[in-house]
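Chain and residue survey
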Amino acid sequence: MATFGNLSDRLAETFKNLRTKGKLSASDVDGTVREIRRALLDADVSLDVVKQFTAHVRERALGDEVNKALNPAQQVVQIVNEELVAILGGQQRRLQFAKTPPTVIMLAGLQGAGKTTLAGKLAKHLAKEGHTPLLVASDLQRPNAVNQLQVVGSQAGVPVYAPEPGNGVGDPVKVARDGVAEARRALHDVVIIDTAGRLGVDAEMMKQASNIRKATDPDEVLFVIDAMIGQDAVATAKAFQEGVDFTGVVLSKLDGDARGGAALSVASITGRPIIFASTGEGLDDFEPFHPDRMASRILDLGDILTLIEQAQQAFDEEEAMKVAEKLAKEQFTLEDFLAQMQQLRGAGSIKKMLGMLPGAGGMKQQLENFDEREIVRTEAIIQSMTPAERQNTKLLNGSRRLRIAKGSGMTVTDVNQLVQRFEQAAKMMKTVARGGVPQIPGMGPIPGAGGYGGGKRQAAKNKKKSGGSRSGNPAKRAAENAAIAQGVTPAGQGAPAGSGFGLGGAKPDGPSEQDLAAMQKLLGGR
């Protein structure tokens, strides 16, 4: 999502100015629409798409649905979200599989768009879903393209059909046709054909792609486009649509730092849906494209559904039940802690997962500074311990800690900090397992939640600190004293009005530095 980072920031800043408005006037709407137009144009979104988008937003924002809304600012954000979903294609579209295998998928696009790597990502994705894909090396023009596909196929655990060496040798149309026949003979249910590209659109490339399409009659033709290509995206997409007539779009390099808004234009301009998105260099950095989820990410509203799906793929439900039982019995050890961390690593980049949380845009600098290698260092420390030390941290005296530090390449201070963090995490987990709400270090107590000391002790502390309500209104005084007795600090006494979980009043700029520092510490930061 780095590609849409600037657009996301600009839109968030625009909506922030609406929060203080109780009612939106026509000039407020016009000013907001003007800022949205500038943000989209600066992000390289096609001018035609921007005109259509802003016209729809303005018309709806001036309509009755906003005038009658209790919170007009939130209603405008909802309108922008719905219109973003519309230009991104509306509903998610899945791959269409052939009724009689094999399903033939042809990849097309310019050279450098990432077709070969994407072929491996798509093959691995389909293999996880129970399919048996075959990669076909029909890019016989680009130097070492065949070798690259063979390497990618090996990493994905998928066979590659490559009868020709490439580097200008061989007939790509014949290879593609023979590849489909080989898949039918070897009972592969999906064929992925990697075709040649050029640095720019030309007649020879289009003719070759068109001939491969006629020879193989693919079920899907996926146009792979670099999300960082800029305004050329629209012209390139139109040229491929006329020359090859693709059925779907795949966005690659969504983790880049370019403006990338032109990619938002492709679905709207061509009328073809975006089916997949490539979000990194690894073969697992690949996901089905959901227009509604992508719109939420752009507006910094989070993408909880994708986060849950990634977690479900990485975490073992049976193992989680065992850990829950150990927590309930207070038997959680560093061995279990290590297993949980390894599962967390298996879920993918922690930065990317945290970036899917609502409001993550406000933590951008902290997320960029987060060092994911801390988890590797933590694993090294735990793996340098003996089984007995992992089971019981009380065995870790000075000499043992020195040995562990040397064995892991870390310092004794690092070992001490890990043990301290583990003991804090274990306490928090035990509290949760017993049905309580933990006190997070650096974030203060949670009023009325019991935490470590139980609700009664917390209530006594609150009562002693506040000394009871001083309100002159008898009814209000009785209500506030009742709240204090339950351990809840009334608004205006201690915690600011509207504060949640003892974190202070609502702040438009997101969490405080102390809150973020505590989060970094809990995630393994130093």
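Every chain is numbered independently, its residues counted from 1 as its sequence is written. Selection of residues for local features in this predicted model requires a pLDDT of at least 70, selection of side-chain atom pairs for listing and counting requires 80 or more, and totals for whole chains, interfaces and linings are taken over all residues. Hydrogens and water molecules were not included; the side-chain quantities draw on all heavy atoms of the structure.

Now for helix α8 (residues 172–185). The end-to-end C-alpha distance of α8 is 20 Å, a good match for the 20 Å that 14 residues give at a rise of 1.5 Å each. Accessibility here uses a 1.4 Å probe with only protein chains present; expressed as a share of the type maximum, an area under 20% marks a residue as buried, one over 50% as exposed, and anything in between as partly exposed. By definition, any uninterrupted DSSP run of H or I lasting at least four residues is a helix, any uninterrupted run of E lasting at least two residues is a strand, and each is numbered from the N terminus. The complete set of buried residues in α8 reads P172, V173, V175, A176, G179, V180 and A183. Projected down its long axis, α8 shows its buried positions confined to an angular sector of 165°, all on one face. Opposite the buried face of α8, by more than 90 degrees, sit the exposed residues R184 and R185. The inward-facing, buried residues of α8 abut β1 (103–108), β2 (133–137), β3 (160–161), β4 (190–194) and α9 (203–216). L187 occupies a position one or two residues after α8 and carries a positive phi of about 65°. The span expected for a helix works out to 1.5 Å for each residue beyond the first. Arc definition: it is the arc formed by the directions from the helix axis to the C-beta atoms. We call two residues contacting when some pair of their heavy atoms lies within 4.5 Å.

Note on terminology: a nonpolar core comprises buried Ala, Val, Leu, Ile, Met, Phe, Trp, Tyr and Cys residues joined through side-chain atoms within 4.5 Å. F15, L122, I192 and F240 are the most contacted members of the largest nonpolar core, which totals 92 residues. For this core, the element with the highest residue contribution is helix α5 (residues 72–87), accounting for eight residues. Sequence-distant contacts of I192, that is, excluding residues within four places in its chain, are made with I105, L107, A119, L122, A123, L126, P133, L134, L135 and V136. Among the nonpolar cores identified, the runner-up in size contains 18 residues, and L334, M385, A405 and M410 belong to it.

The next thing to look at is the pairing of β1. When you tally the buried positions in β1, you get six out of six residues, the bulk of the element. In β1, alternate side chains face the same way, and those of T103, I105 and L107 on one face and V104, M106 and A108 on the other are all buried. The pairing of β1 with β4 spans five bridges and is parallel. Its bridge partner being in β4, V104 is matched across the sheet by V191. DSSP-based pairing: two strands are paired if at least 2 bridges between them are found. Pairing analysis gives four bridges linking β1 to strand β5 (residues 220–226), with the strands arranged parallel. Bridge assignment links I105 to a residue of β5, and that residue is E220.

Each Phe, Tyr or Trp ring (for Trp, its six-membered ring) is paired with any other whose centre lies within 6.5 Å, and the angle between the two planes then decides the class: stacked below 30 degrees, edge-to-face above 60, tilted in between. Scanning all chains against the criterion turns up three aromatic pairs. On the numbers, 4.9 Å between centres and 25° between planes, the contact of F223 with F246 is stacked. Highlighted residues: F223 in strand β5 and F246 in the loop between α10 (232–243) and β6 (248–252), separated in sequence by 23 residues. We classify F246 as buried; its relative accessible area is 1%. For the ring pair F276 and F286, a centre distance of 4.8 Å and an interplane angle of 25° mean the geometry is stacked. With F276 in strand β7 (residues 274–278) and F286 in strand β8 (residues 286–288), this residue pair connects regions lying 10 residues apart in the sequence. Exposure class is identical for F276 and F286. Each is buried.

What follows covers unusual backbone geometry. The step from P101 to P102 runs through a cis peptide bond, and the omega angle for that step is 5°. For P102, the position within the fold is in the loop between α5 and β1. For L187, which is not a glycine, the phi torsion comes out positive at approximately 65°. Within the secondary structure, L187 is located in the loop between α8 and β4. In this structure L187 comes out as exposed when scored by relative accessible area, which is 73%. You will see that D217, though not glycine, has its phi angle at about 50°, which is positive. Among the secondary structure elements, D217 is positioned in the loop between α9 and β5.

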